[in-house]
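Below, each chain spelled out in residue letters.
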Amino acid sequence: MKILVAVKRVVDYAVKVRVRPDLTGVETANVKMSMNPFCEIAVEEALRLREAGAAAEVVAATIGPAQSADTLRTALAMGADRAVHVLHNPDPARPLLPLAVAKILRAVALRENPGLVILGKQAIDDDCNQTGQMLAGLLNWPQGTFASKVILDKEKAIVEREVDGGIETICLDLPAVITTDLRLNQPRYATLPNIMKAKSKVIKKVTPEDLNVDIRSDMEVVQVTEPPKRKAGVILSSVDDLLDKLKNEAHVL
Ligand code: AMP
């Protein structure tokens, strides 16, 4: 069985994100970019399933500009067998929305015919948490979102998922879509020999047009601004003071 993993290139989680001076978006020039942390977990899970003998091949896919090839190389250095790069040059005013990404991933999945697609539960740049759900809907495949444990058993996947009340266990018929939560695993670091090996692995380049996918969106980003600065707090000396402020200043009592 083949596992398809969707990996996104995002501003590194440790970078403090800044808005561009012209307010067209977030500054990415000279900013460290990395694989989205939830996608690292997705790659790790696919590799563990392959190493356990439950899958034969792991294919990483990304949609993004030429630089996104770095993210695919990271997936290949972690151990993915090959990669698909759907080239798309971002326009800050017309960002690629989860529905467009899901349509592209659907087209890739229909070509690759995987038994399982694993995505991150969310990308830390847009925090949408939508792509996996939309992909499962478009493919009409079952979905296990926010997975904290995955077991493959012949034609089924048993998924433990993190929900508000605790852990829910569901059983999915394959092919299926799974999105990863933080506790699923601890992703491995790529070793130097594997980084070298990854250089000779295949990255197939295609465009949304090659896949016959229309990625136009109705949404236009007009302006991106910093959130308002928070005002300094005050320390009150008594509960009576607090009640007084809630009643007479905040008017919530
Ligand atoms: P989102 O719905 O935007 O929060 O993204 C959820 C997941 O969808 C990510 O963790 C990735 O696995 C996948 N994804 C989103 N955008 C892309 C992209 N441009 N390329 C590849 N995978 C993506």
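The rules behind the values
Residues numbered from 1 in each chain as written. Predicted model: local features only at pLDDT ≥ 70, side-chain atom pairs only at ≥ 80, totals over all residues. Heavy atoms only, no water. UniProt positions renumbered as here; feature names shortened; annotations may be inferred. Pairing = 2+ DSSP bridges. Helix = DSSP H or I, 4+ residues; strand = E, 2+ residues; numbered from the N terminus. Core = buried A, V, L, I, M, F, W, Y, C linked by side-chain atoms within 4.5 Å. Buried < 20%, exposed > 50% of the residue type's maximum accessible area, 1.4 Å probe, protein only.

The name given to the protein in an unreviewed UniProt entry is Electron transfer flavoprotein subunit beta, with Zizania palustris as the source organism. Check the Cofactor (unreviewed entry) section of the UniProt entry for the protein; it says "FAD".

**Student:** I'd like to hear about the pairing of strand β8 (residues 156-163), residue by residue, with values.
**Tutor:** Examined bridge by bridge, strand β7 (residues 143-153) and β8 share 6 bridges and lie antiparallel to one another. Residue pairing in the sheet places Ala147 in a bridge with Arg161 of β8. Hairpin connection between β7 and β8: a loop of 2 residues separates the two successive antiparallel strands, and Lys154 in this loop has a positive phi of roughly 55 degrees. Bridge count between β8 and strand β9 (residues 166-173): 8 bridges; the pairing is antiparallel. Of the residues in β9, the one forming a bridge with Val163 is Gly166. Hairpin connection, β8 to β9: the antiparallel pair is bridged by 2 residues.

**Student:** Please provide a residue-by-residue account of the nonpolar core, values included.
**Tutor:** Counting 36 residues, the largest nonpolar core has Ile3, Val5, Val43, Leu116, Ile118 and Ile178 as the members making the most contacts within it. For this core, the element with the highest residue contribution is helix α1 (residues 37-51), accounting for 8 residues. In terms of nonpolar packing, the next biggest core, distinct from the first, is built from 26 residues, Val59, Val86, Val177 and Leu211 among them.

**Student:** I'd love a proper account of unusual backbone geometry, names of residues and values included.
**Tutor:** In the segment running from Leu174 into Pro175, the intervening peptide bond is cis, with an omega of 0 degrees. Notably, Leu23 is not glycine yet its phi reads approximately 60 degrees, a positive angle. Among the residues examined, Leu23 registers a relative accessible area of 29% and is labelled partly exposed. Positive phi, close to 60 degrees, is recorded for Asn140, a residue that is not glycine.

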